[in-house]
Protein chains: 2
Amino acid sequence: MPRATVDRLPRYLRALDSLEAQGVVTTSSETLAAVAGVGSAQLRKDLSFLGSHGRRGVGYDVSHLRGRIAAALGVTSRQRVVIVGIGNLGHALANYSGFGERGFSVVGLVDVDPAVVGSSVSGMVVRHLDELEGLVDELGATIAVLAVPSSAAQRVCDRVVAAGVGGVLSFSSRELAVPTGVDLRTVDVGAELQILAFHGRRRQSTGA
Amino acid sequence: MPRATVDRLPRYLRALDSLEAQGVVTTSSETLAAVAGVGSAQLRKDLSFLGSHGRRGVGYDVSHLRGRIAAALGVTSRQRVVIVGIGNLGHALANYSGFGERGFSVVGLVDVDPAVVGSSVSGMVVRHLDELEGLVDELGATIAVLAVPSSAAQRVCDRVVAAGVGGVLSFSSRELAVPTGVDLRTVDVGAELQILAFHGRRRQSTGA
DNA sequence: CGCTGTGAAAACCTTCACAGCC
DNA sequence: GGCTGTGAAGGTTTTCACAGCG
């Protein structure tokens, strides 16, 4: 399955949720694509990698297709997530209530700051980084979210990987190295802004 | 300039910052690419779109190249950013101190919640959404960051666009529509986790 | 000789357009 | 007739490999 297709599956899942919430039972590639913000040909091609789940002349069963995509993504049972770094951002992520409906449970919070360790955030006690390995194992966490300072990111990343998580989502702008077999994704807000700035610059010099 | 290249420029900028901080004056495509986490051929191709700034047989002048990329991105003078939605995430973003070194100043905070409007966050008073248009104009903001609930995202987006910003960074998972000429980027943390879950699933069934 | 800059080749992804089934 | 599923065409991005300059 092409990487680009995988990257779009979450959009399709959300679009289907949205249609389902509106009581739509059956939909067409045209409609679903419009909701997801892609072209209909692209949608059909992407879905074809999951097998044949539509009916010609009719369309797709919203609920069934939703199930197929959720299964492909592996979010039929809640994936367990540990958040490391309970600063401003870690706090915000821990309190974010939207993870549940996307298929995730935040099961552990970890930090090193003595002022934070032991305190309660979003109904959970923050544990010390030293307890990380035990926590990951005991809680069955498969994904770690890193919201730590850039200077600590690689060190902490090495620890969560050694502890056994298979996926890491980093909010650090630092380039991180992970062993093969572990999946890493990075959200760099500064980089996103810089890309916007590039296009803003274009707009300006094109004269508007 | 290819879209894919633009998306990588921020990485190169950060890599150059990192080298410069270590006192490196001249570097090769090989070294810089390693720091940025890309292939050296890709780096050279990307840089070639900015013109010819290296010296054959020698390499690139770190400081000079940094300047060229910053200019291309339009971050030589600080871009002004307004954050809309001062909940958990908006708070975290407002307090994040790293924007300065990436070329941005947060110049305004906006919300609608009476409990938040008028309070002080990160040394700034939160203004009401009704004042948005005036603020954007008065402060010269070119980019808006949306950290609002999904249900309000499109409405708020329309307002910031009407107020005159040219770039929008949304943290909502909702698909947003913007007029042509306005640039939109979306950071969807739930989607990132789902993509990680997909790969985790693969790993599991491949047998580890 | 070393390293950049770049055409050309290969890989990847998207879009088209229609055959095939409902 | 309508809409999916998909080969084929078209476009973009990456990689290769080397000419060209210092």
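Residues numbered from 1 in each chain as written. Chains lettered and ligands numbered in written order. Predicted model: local features only at pLDDT ≥ 70, side-chain atom pairs only at ≥ 80, totals over all residues. Heavy atoms only, no water.

Asker: Hey, could you run me through helix H4 (residues 62-73) of chain A in this one?
Answerer: An α-helical turn contains 3.6 residues, so any two residues separated by three or four positions project in the same direction. With twelve residues, H4 of chain A ought to run about 16 Å at 1.5 Å a step, and its terminal C-alpha atoms sit 16 Å apart, in line with that. Restricting attention to buried positions, one finds in H4 of chain A the residues Val 62, Leu 65, Ile 69, Ala 70, Ala 71, Ala 72 and Leu 73 of chain A. (Helix = DSSP H or I, 4+ residues; strand = E, 2+ residues; numbered from the N terminus. Expected span 1.5 Å × (residues − 1). Buried < 20%, exposed > 50% of the residue type's maximum accessible area, 1.4 Å probe, protein only.)

Asker: Could you clarify how one ought to interpret the protein's contact with DNA strand C in this entry?
Answerer: Neighbouring DNA strand C are 23 residues; Arg 8 of chain A together with Ser 29, Ser 52, Gly 54 and Tyr 60 of chain B lie closest to it. Of everything in DNA strand C that lies within 4 Å of the protein, sugar and phosphate atoms constitute 60%. Ser 29 of chain B is positioned such that a nitrogen or oxygen atom in its backbone is 2.6 Å from a phosphate oxygen of DNA strand C. A distance of 2.8 Å separates a phosphate oxygen of DNA strand C from a polar atom in the side chain of Tyr 60 of chain B. Contributions of two or more residues to the surface near DNA strand C are made by helix H1 (3-21) and helix H3 (40-48) of chain A together with helix H3 (40-48), strand S2 (54-55) and strand S3 (59-61) of chain B. Take the surface near DNA strand C: its biggest share by element is four residues, from H3 of chain A. (Near = heavy atom within 4 Å. Polar contact = N/O pair within 3.5 Å; in protein donor to acceptor, adjacent residues only side chain to side chain.)

Asker: I keep staring at the domain arrangement of chain A and nothing clicks. Help me out?
Answerer: Interface size is commonly expressed as the accessible area that is lost once the parts come together. Taken as a whole, chain A is organised into domain 1 (3-73) and domain 2 (79-191). The C-alpha centroid of domain 2 of chain A is placed 31 Å from the C-alpha centroid of domain 1 of chain A. (Domains from an automatic or database assignment.)

Asker: Honestly, the interface of chain B and chain A in this entry has me stumped. Any pointers?
Answerer: At the interface, 54 residues of chain B touch 54 residues of chain A. Between chain B and chain A the total buried area reaches about 4900 Å² when both faces are included, carbon and sulfur atoms providing 64% of it. By the criterion of area lost to chain A, the three top residues of chain B are Leu 193, Gln 194 and Leu 196 of chain B, representing 14% of everything that side buries. The salt bridge partner of Arg 11 of chain A is Glu 175 of chain B, with a shortest N-O separation of 3.0 Å. Where chain B packs against chain A, one counts 14 residue pairs in polar contact (both at pLDDT 80 or more). Among the residues making up the side of chain B that touches chain A, the classes are represented as 30 nonpolar, twelve polar and twelve charged. (Contact = heavy atoms within 4.5 Å. Buried area = accessible area lost by both parts, 1.4 Å probe. Salt bridge = Lys/Arg side-chain N within 4 Å of Asp/Glu carboxyl O. Nonpolar A, V, L, I, M, F, W, Y, C, P; charged D, E, K, R; others polar.)

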